[in-house]
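Spelled out from the first residue to the last, the chains are:
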Amino acid sequence: MLSDAAIVEAALAVPVNLAALTALTGFGHRMGRRQLEQWQAAVDRARALPESELPQLGQQPAGLPPPRAWADKDPVAAARLSAARAAVSALAEELNLPQENLITPDTVRRVCWEPPSPADADHVATALTGHGARPWQVELVTPLLVKALTATA
C-alpha cells in the first residue's frame with residue numbers, strides 16, 4: 001500500500017529504473033523487490049503513453065462533484081439536493097423503508113445536478129428511469145423531485 005504522496009512523487013519524478021524509484025519517499029527497500037518491480041512497470045507504462053493519452057492540466061473531472069462542494073460550485077443545485085433529500089427522507093420514514101431502497105442517493109444527486117427541462121412529472125420520470133429507477137420508485141419519487149426541482153428554480 002502506498003500513500004497518495006508517494007504516488008504523486010513518483011509521477012512527478014518519473015523514475016527510469018528501480019534505483020531511482022527506491023530513492024523516492026515511500027518506495028524504500030522494505031517494500032520488497034516484487035512490489036518495486038510492479039511499480040516501476042507502472043511508471044514505465046505511463047512514460048510510454050503518447051502525449052495525446054495523458055490527462056491535460058486544468059481538465060474538468062468527469063462526474064458529479066461531491067455533494068459537500070455543491071454549495072460553492074452551484075448553490076441552486078445544492079438547494080435542489082437539500083430539498084430533494086428532505087422529501088425522500090420523509091417519505092422513506094413514512095413508508096418504513098430505508099432511504100436507499102426508495103431511491104438511490106446517486107440517482108437523486110444526478111437528477112438534482114442536471115435536472116430535466118422542463119422539470120415536470122414526465123421529464124423527471126424519464127430521467128429517473130434513465131438512471132435505473134424501477135417503475136414503483138419512479139411512481140413514488142417523481143412528485144417529490146418535481147416539487148424540489150421547481151421550488152428551488
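Note that this is a predicted model, so its numbers are computed, not measured. (Residues numbered from 1 in each chain as written. Predicted model: local features only at pLDDT ≥ 70, side-chain atom pairs only at ≥ 80, totals over all residues. Heavy atoms only, no water.)

Draft legend 1. Local environment of the packing of aromatic side chains. Counted by the stated rule, this structure contains two aromatic pairs. Here the aromatic rings of W70 and W113 are separated by 4.8 Å at their centres, their planes lie at 55°, and the arrangement is tilted. Of this pair, W70 sits in helix α4 (residues 70-73) while W113 sits in helix α7 (residues 105-113), placing them 43 residues apart in sequence. Per residue, the accessibility class of W70 equals that of W113, and both read buried. (Phe/Tyr/Trp six-rings, centres within 6.5 Å; stacked < 30°, edge-to-face > 60°. Helix = DSSP H or I, 4+ residues; strand = E, 2+ residues; numbered from the N terminus. Buried < 20%, exposed > 50% of the residue type's maximum accessible area, 1.4 Å probe, protein only.)

Draft legend 2. View of the pattern of salt bridges. The tally for this structure, following the rule as stated, stands at three salt bridges. The partner of D44 in a salt bridge is R47, with the nearest N and O atoms 2.9 Å apart. With a gap of three residues between them, D44 and R47 both fall in helix α3 (residues 33-48), about one helical turn apart. Residue classification places D44 among the partly exposed positions, given a relative accessible area of 33%. Each member of the salt-bridge network shares a partner with another, and the members are D106, R109 and R110. (Salt bridge = Lys/Arg side-chain N within 4 Å of Asp/Glu carboxyl O.)

Draft legend 3. A look at the packing of helix α5 (residues 75-95) against α7. Relative to each other, α5 and α7 sit at 145°, their axes nearing to 9 Å. α7 is crossed by α5, and the crossing has right-handed handedness. In this structure, α5 uses A77, R80, L81, A84, R85 and V88 to contact α7, whose residues at the interface are V108, R109, C112 and W113. Taken together, the residues that form the contact of α5 with α7 break down as seven nonpolar, no polar and three charged. (Axes fitted to C-alpha atoms, helices over the stretch in contact; angles between N-to-C directions. Left-handed = near helix turned anticlockwise from the far one by under 90°. Contact = heavy atoms within 4.5 Å. Nonpolar A, V, L, I, M, F, W, Y, C, P; charged D, E, K, R; others polar.)

Remember that the coordinates give geometry; whether it matters functionally is a separate question.
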